[in-house]
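# Structural description and commentary
Residue-level listing of the chains:
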Amino acid sequence: MATAAIFAPQKCAFSGFRIYPGKGRIFVQKDCKSFKFMDSKSESLWHMKRNPRRISWTAAYRHAHKKGLVAEKAKRKTRRTQKAQRAIVGMNIEALRAKRNQTKSERQAQRELALREIKDKKASEKAKKNISKNARAAHEKQPRQQKQRGKAAKGR
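Residues numbered from 1 in each chain as written. Predicted model: local features only at pLDDT ≥ 70, side-chain atom pairs only at ≥ 80, totals over all residues. Heavy atoms only, no water.

### A word on the overall build of the protein chain
In terms of helices and strands, the protein chain carries 5 helices and 4 strands. Each helix (α) and strand (β) of the protein chain, taken in turn from the N terminus, gives the series β-β-β-β-α-α-α-α-α. Expressed as a percentage of the 156 residues in the protein chain, the buried residues total 8%. Of all intrachain contacts in the protein chain linking residues separated by at least 6 positions in sequence, the fraction that spans at least 24 positions is 24%. Carbon and sulfur atoms form 52% of the exposed surface of the protein chain, whose accessible area is close to 15,600 Å². (Helix = DSSP H or I, 4+ residues; strand = E, 2+ residues; numbered from the N terminus. Buried < 20%, exposed > 50% of the residue type's maximum accessible area, 1.4 Å probe, protein only. Contact = heavy atoms within 4.5 Å. Areas by Shrake-Rupley, 256 points an atom, 1.4 Å probe, with all protein chains shown as cover.)

### What about the nonpolar core?
The biggest cluster of nonpolar side chains holds 7 residues, and these are Cys-12, Phe-14, Ile-19, Phe-35, Phe-37, Leu-45 and Ile-55. With residues up to four places along the chain from it excluded, the contact list for Phe-14 reads Phe-37, Ser-42, Leu-45, Trp-46, Arg-50, Pro-52, Ile-55, Trp-57 and Thr-58. (Core = buried A, V, L, I, M, F, W, Y, C linked by side-chain atoms within 4.5 Å.)

### As for the packing of aromatic side chains
This model, assessed by the stated rule, comprises 5 aromatic pairs. Arranged with centres 4.6 Å apart and planes meeting at 40°, the rings of Phe-35 and Trp-46 form a pair that is tilted. Of this pair, Phe-35 sits in strand 4 (residues 34-37) while Trp-46 sits in helix 1 (residues 40-47), placing them 11 residues apart in sequence. Take Phe-35: its relative accessible area is 14%, and that puts it in the buried class. (Phe/Tyr/Trp six-rings, centres within 6.5 Å; stacked < 30°, edge-to-face > 60°.)

### Side note on unusual backbone geometry
Peptide bonds are trans in most cases, and residues, glycine excluded, mostly fall at negative phi. Despite not being glycine, Cys-32 has its phi angle at roughly 70°, a positive value. By the secondary structure assignment, Cys-32 is in the loop between strand 3 (25-28) and strand 4. You will see that Lys-66, though not glycine, has its phi angle at about 55°, which is positive. In this structure, Lys-66 sits in the loop between helix 2 (59-64) and helix 3 (71-74). Accessibility expressed as a relative area gives 66% for Lys-66, which makes it exposed.

### Things to note about the pairing of strand 3
Bridging between strand 3 and strand 4 involves 4 bridges; their strand directions are antiparallel. Looking at strand 4, one finds that Ile-26 is bridged to Lys-36. In sequence, strand 3 turns back onto strand 4 through a hairpin of 5 residues, with Cys-32 there showing a positive phi of about 70°. (Pairing = 2+ DSSP bridges.)

### With respect to the pattern of salt bridges
As enumerated under the stated definition, the model contains 1 salt bridge in all. For Arg-25, the salt bridge identified is with Glu-43, shortest N-O distance 2.9 Å. Within this pair, whereas Arg-25 is found in strand 3, its partner Glu-43 is found in helix 1, the two being separated by 18 residues in sequence. Its relative accessible area of 12% is what places Glu-43 among the buried residues. (Salt bridge = Lys/Arg side-chain N within 4 Å of Asp/Glu carboxyl O.)

### Here we look at helix 1
Taken as a whole, helix 1 has its buried residues at Ser-42, Glu-43 and Leu-45. Taken end-on, helix 1 shows its buried residues confined to a sector of 165°, consistent with a single buried face. Elements that come into contact with the buried residues of helix 1 comprise strand 3 and strand 4. (Arc of directions from axis to C-beta.)

All quantities given are derived from atomic positions and should not be read as evidence of function.
Below, the structure is given as structure tokens:
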């Protein structure tokens, strides 16, 4: 029983037109590659190694030179990308906008304030370290008591 695939129209190797069942010619090369042509004209042009994009009646020419396109498909409007403001992790959009609208002097003042806070924090940590160091040093100055060693085998 024949399948539907056999009766489907095939394309001409040169012109790109449909070839219906029972029509056209087949050329088979030495390497068993087959080419279907709709008529002897397209076959002879293929054998002469003509470029189908340069021959005006072929589908390849029409495609290359944009002939016969539907008016809707002919021109598409390109969409411009729109920039969207999004929040960054740890900062919302309002904070971002406020930061962007700041003047240079305001930004500089904030930076100096932040640096001052960091320096104060480091100074307080250093002071704590010194206090703990002094306490440790005072503790170390006290004479240590030696541990008494008992017999190794106690309780025998």
